[in-house]
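In case you want the letters, here they are:
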Amino acid sequence: MFTSVDDVSTRLAETGYLASPAVATTVFLAARLGKPLLVEGPAGVGKTELAKAVARACDARLVRLQCYEGVDESRALYEWNHAKQLLRISAGRGETWDEARTDIFSEEFLLPRPLLTAIRGDDPKVLLIDETDKADVEIEGLLLEVLGDFQVTVPELGTVTATRRPFTVLTSNATRELSEALRRRCLFLHIGFPDAELERRIVRLNVPGVDAALAESVVRVVGALRAMDLRKAPSVAETVDWARTLLALGASTLDETVVRDSLGVVLKHQDDIQKAAAKLDLDAL
């Protein structure tokens, strides 16, 4: 997928994703070693976007499993098209059960979900298992089989083994601790908030038309907000949104009025907005 760490950085940048050296190195190793990549960090720092950028850079198909409480094997792996099976049974009323069973448990009636889809076929794929920490602990047992051997067992059809392993990214906001068994199967990457220089580059790349001075001001103020004891610190995505907002408002500088009127773009809780409005000193930044 990639020839070197520099190749990762260059190709991800071409898709609009500016990777730090640590991110580029870990992505290269995950691709070279064929290991899943577990990415942790606060919301909005680019964990999901990293998987999308790899897919774009490698011209690969993105297969996404969005995790949530209650997601089960039928949503993650596969299920049978029961309605179609019933129609098939009804159409063959003269058949014995053994004859019908051989037919209805075939590929025609199988509904592959993300995990099975990702390991079938020879086309390049990126498997994104998003917000893994939101899934129940039981789903990790299923992931262990898939990510350990990149194979899935369908009792009625046998074992499906990947002929071409997908580049796999698991993301987590660390709302619960993932099992050690799952972690052992992955390379680990923590993405935190970027330093000011990288965040300025991200803003200017994603908000064409914003000048350097305004981008610097936005990043500096966001950094000050992150240093406060807030319920939810502003993410990189919200920094970009704020720069777009200021551009739309025609603001060339950040003054108290502009900041007060647009704080809801970067802060999502009223008590955070009130705290920031009281403590933020633009003159001191």
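For the structure, check the block above.
Attention in this report is confined to the structure presented alongside it. (Residues numbered from 1 in each chain as written. Predicted model: local features only at pLDDT ≥ 70, side-chain atom pairs only at ≥ 80, totals over all residues. Heavy atoms only, no water.)

What follows concerns the packing of helix 10 (residues 196-206) against helix 11 (residues 212-226). Taken N-terminus to C-terminus, the directions of helix 10 and helix 11 make an angle of 125 degrees; their axes are 9 Å apart at the nearest point. Between helix 10 and helix 11, the angle falls in the class oblique. Between helix 10 and helix 11 the crossing geometry is right-handed. On helix 11, the residues touching Ala196, Glu199, Arg200, Val203 and Arg204 of helix 10 are Ala212, Ala215, Glu216, Val219, Val222 and Arg226. Across the contact of helix 10 with helix 11, the residue classes break down as six nonpolar, no polar and five charged. (Axes fitted to C-alpha atoms, helices over the stretch in contact; angles between N-to-C directions. Helix = DSSP H or I, 4+ residues; strand = E, 2+ residues; numbered from the N terminus. Parallel < 35°, antiparallel > 145°, perpendicular 65-115°, else oblique. Left-handed = near helix turned anticlockwise from the far one by under 90°. Contact = heavy atoms within 4.5 Å. Nonpolar A, V, L, I, M, F, W, Y, C, P; charged D, E, K, R; others polar.)

Turning next to the pairing of strand 5 (residues 125-130). With respect to burial, strand 5 is a largely interior element, six of its six residues being buried. Across six bridges, the pairing between strand 2 (residues 61-66) and strand 5 is parallel. Paired with Val63 across the bridge in strand 5 is Leu127. Note: strand 5 against strand 8 (residues 167-172), four bridges, orientation parallel. Bridging from a neighbouring strand, Val126 pairs with Phe167 of strand 8. (Buried < 20%, exposed > 50% of the residue type's maximum accessible area, 1.4 Å probe, protein only. Pairing = 2+ DSSP bridges.)

All chains considered together, the criterion is met by two aromatic pairs. Ring centres of Tyr78 and Trp80 lie 6.3 Å apart, and the angle between their planes is 80 degrees; this geometry places the pair in the edge-to-face category. Exposure remark for Tyr78: the relative accessible area of 9% places this residue in the buried category. Overall, the relative accessible area of 8% leaves Trp80 in the buried class. Each residue in the set Tyr78, Trp80 and Phe105 is aromatic and connected to the rest through ring pairs, giving one cluster. Just above the ring of Phe109 sits the side chain of Lys84; from NZ or CZ to the centre is 5.6 Å. (Phe/Tyr/Trp six-rings, centres within 6.5 Å; stacked < 30°, edge-to-face > 60°. Lys NZ or Arg CZ within 6 Å of the ring centre and 35° of its normal.)

Another point: a negative patch on the surface. A cluster of acidic side chains, namely Asp255, Glu256, Asp261, Asp281 and Asp283, defines a negative patch on the protein surface. Relative accessible area serves as the criterion here: at 41%, Asp281 is assigned to the partly exposed category. (Patch = residues over 30% accessible without salt bridge, like charges linked within 9 Å, V, L, I, M, F, W, Y side chains within 5 Å. Areas by Shrake-Rupley, 256 points an atom, 1.4 Å probe, with all protein chains shown as cover. Salt bridge = Lys/Arg side-chain N within 4 Å of Asp/Glu carboxyl O. Lys, Arg positive; Asp, Glu negative; His and termini not counted. Charge placed at Lys NZ, Arg CZ, Asp CG, Glu CD.)

Across the sheet, which stays open at both edges, the five strands sit in the order 2-5-8-1-9 with parallel pairing between neighbours. Of all the strands in the sheet, just strand 2 and strand 9 (187-190) have a single pairing partner and so form its edges. Ignoring which end each strand starts from, the neighbouring axes of this sheet average 20 degrees apart. Two elements, strand 1 (residues 37-40) and strand 9, share four bridges in a ladder whose sense is parallel. When the bridges of strand 9 are listed, Glu40 appears paired with His190. Here helix 3 (residues 47-57) sits on the sheet in contact with strand 1, strand 2, strand 5, strand 8 and strand 9, set at roughly 170 degrees to strand 5.

By the secondary structure assignment, Leu12 is in helix 1 (residues 5-14). Note on Leu12: relative accessible area 0%, which makes it buried. Considered as a pair, Leu12 and Ala57 are 45 residues apart in the sequence and their alpha carbons are 6.0 Å apart. Contacts of Leu12, omitting those with residues within four sequence positions, involve Tyr17, Ala19, Leu50, Ala53, Val54 and Ala57.

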